[in-house]
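Descriptive structure summary
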Amino acid sequence: MARVVISEAPLAIEDLLAVVDGAPVELSAEARARIAAGRALVDEALTSGAAVYGLTTQVGHGKDTRLTEEEISREQLFLVMSHSGGVGPPLPTTVVRAALAVRLNGIARGGSGAGLPVADVLAAMLNADVHPVVPTIASVGAADIGHMAGMAQVAIGTGLAEHRGEVLAGGEALRRAGIEPLVLSGKDGLALISANAVSIGHAALVLRAVAQVAEGADVAAAMSMEATRANPSVVQPAVAAAKSIAGQAEAARHLRSLLAGSRLLEPDGPLSVQDALSFRVVPQVHGALREYVGAARTAVEVELNAVADNPLVSVPDRALISNGNFHPVVLAIAFDALRVALAHVGQLSERRMAHLWEAFFLHLADGPPSGPTYGLQLRYPAAALFAELKQLAAPATLDVPPLDLGVEDHATGAPLSVRKADEAVHLLGDLLAIEMLLARDVLTMVPSSAALGSGTRAALGMVEDVLAQSDPRPDAVHRSLRQRYPGPSDPRTPPGDGGTGRPRAEH
């Protein structure tokens, strides 16, 4: 796998994901020089004795309490050891790797004031597969301090880590990997923990999954159009051209490619001049999902390459500046909005199933189907899935109470917003898979199914292939289909299981 070099240039999301997938990482000479320049400014501030948040003062509500020289020397270790806290199962290893890479890239921007040894240890942990084990619920989205402190503990030789499939004490994992534990100084501890790396890294992983679901939603809709003989006029280029929304135009283009060669395109193909809205507005709703995926991607790109440390080490200004860049509110709101868009796509899918149900029983008058009807059996679970998907669309960004004696009286809820988006993406995939199975049930009862479009014919063949290889139970068939459509249902496995994360409950 090609090496990813973190330099002065912005890190692309694709490069971040490559590191998550195992690509080795290194720092360029320019990035190392930038880190060194920031650290030199921190050393100057320490020498001057000026009041600097988290360096010569306490943190949080103790922001105006100066530290003695003896306390300054212990403060960075105290910050790492005292701020780690969380509950719940461990973060998926994919998210941990993403977070380590995000923090490394943030430090390489030069505004954290961390020393070069900090960056070197993070890079070494990634390259040697030393993955901190930290609980999932630990942050309210005003820097993922609880998560990051747990990761920092491994860097200094404490905490818990997974290495080559085994969960170990952090120090032992470093020893086996040949990594010297980090000795904190300057602003190292605060630089390691005061970051939104979990939210940003997890968000990048969600973007990869949602791109597959957006494409797969078009396939399910096209299959349902074929099964119910819907009118394809809604995907004509003139419709998209009349409303300048790029996502809608892309959804319509994809649907046209899936339906190319279909009997629906013939004059007597559609049953009606106009269908129910769950068919008629597919390009608009699926296009809206693409639009909000784009907005979320922009937010992730900005946060990934931002200097979001507090205090900000501004080398050009020769100053350490207290600020609020640790607040990823645009990203958090973007993923709130993304979940609403996902729910709308799911709502269309669930409503189309009602029409597929009707079509199935109309065809049943001509005789029973010749094989199993897994989509029919899963119709009611599909309704239950949509209920869950709708619940996940509720906002996560307005629910954090004031903390730390009222000093921290606003937070973004970013980790929760992203985590709920992750769940929503997978729920939508589960729902779309059932639509595919139900559309297949109807199509197997239609003699003219050979006149499908090129894309829908391939999709039907994929479903039939899954049925031929799967255990003959609805839940097993659904699981098998989800391994191929619209992408892996959830490739994560628990730390220590030799995989890349933790599993989610089956739906």
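Refer to the preceding data block for the structure.
Note that the structure is predicted; figures quoted are calculated from it, not measured. (Residues numbered from 1 in each chain as written. Predicted model: local features only at pLDDT ≥ 70, side-chain atom pairs only at ≥ 80, totals over all residues. Heavy atoms only, no water.)

**Overview of the overall build of the protein chain**
Looking only at helices and strands, the protein chain has 19 helices and nine strands in total. Relative to its length of 507 residues, the protein chain is compact, with a C-alpha radius of gyration of 26 Å against a globular reference of 23 Å. Based on the C-alpha atoms only, the size of the protein chain along its principal axes is roughly 90 × 50 × 45 Å. The contacts in the protein chain between residues at least 6 apart in sequence include a share of 77% that link residues at least 24 apart. For the protein chain, the computed accessible surface area is about 20300 Å², with 57% contributed by carbon and sulfur atoms. (Helix = DSSP H or I, 4+ residues; strand = E, 2+ residues; numbered from the N terminus. Rg over C-alpha atoms; globule rule 2.2 N^0.38 Å. Contact = heavy atoms within 4.5 Å. Areas by Shrake-Rupley, 256 points an atom, 1.4 Å probe, with all protein chains shown as cover.)

**Quick look at the pattern of salt bridges**
Within this structure, the stated rule accounts for 31 salt bridges. A salt bridge links Arg318 to Glu44; the shortest N-O distance between them is 2.5 Å. With a gap of 274 residues between them, Arg318 in the loop between strand S8 (312–314) and strand S9 (319–321) and Glu44 in helix H2 (residues 29–48) connect regions that are remote in the sequence. For Arg318, a relative accessible area of 47% translates into the label partly exposed. Arg473 is the salt-bridge partner of Asp475, the closest N and O atoms lying 3.5 Å from each other. Connected via shared salt-bridge partners are Glu166, Glu172, Arg175 and Arg176. (Salt bridge = Lys/Arg side-chain N within 4 Å of Asp/Glu carboxyl O. Buried < 20%, exposed > 50% of the residue type's maximum accessible area, 1.4 Å probe, protein only.)

**Thoughts on the environment of His478**
Here His478 is to be found in helix H19 (residues 474–482). Put simply, His478 and Phe360 are 118 residues apart on the chain and 19 Å apart in space, counted from C-alpha to C-alpha.

**So, the environment of Ala197**
Locating Ala197 in the fold gives a position in helix H9 (residues 197–228). Judged by its relative accessible area of 1%, Ala197 falls in the buried class. Discounting chain neighbours no more than four positions away, the residues touching Ala197 are Ala99, Val102, Arg103, Asp144 and Met148.

**Looking at the nonpolar core**
Nonpolar side chains in soluble globular proteins tend to end up buried together. By size, the foremost hydrophobic cluster in this structure holds 144 residues, and its most contacted members are Phe335 and Met436. The leading source of residues in this core is H9, at 20 residues. If we ignore the near neighbours within four places in the chain, the residues touching Phe335 are Ala203, Val206, Leu207, Ala296, Val300, Ser417, Val418 and Ala421. In terms of nonpolar packing, the next biggest core, distinct from the first, is built from seven residues, Val42, Ala45, Leu55 and Leu320 among them. (Core = buried A, V, L, I, M, F, W, Y, C linked by side-chain atoms within 4.5 Å.)

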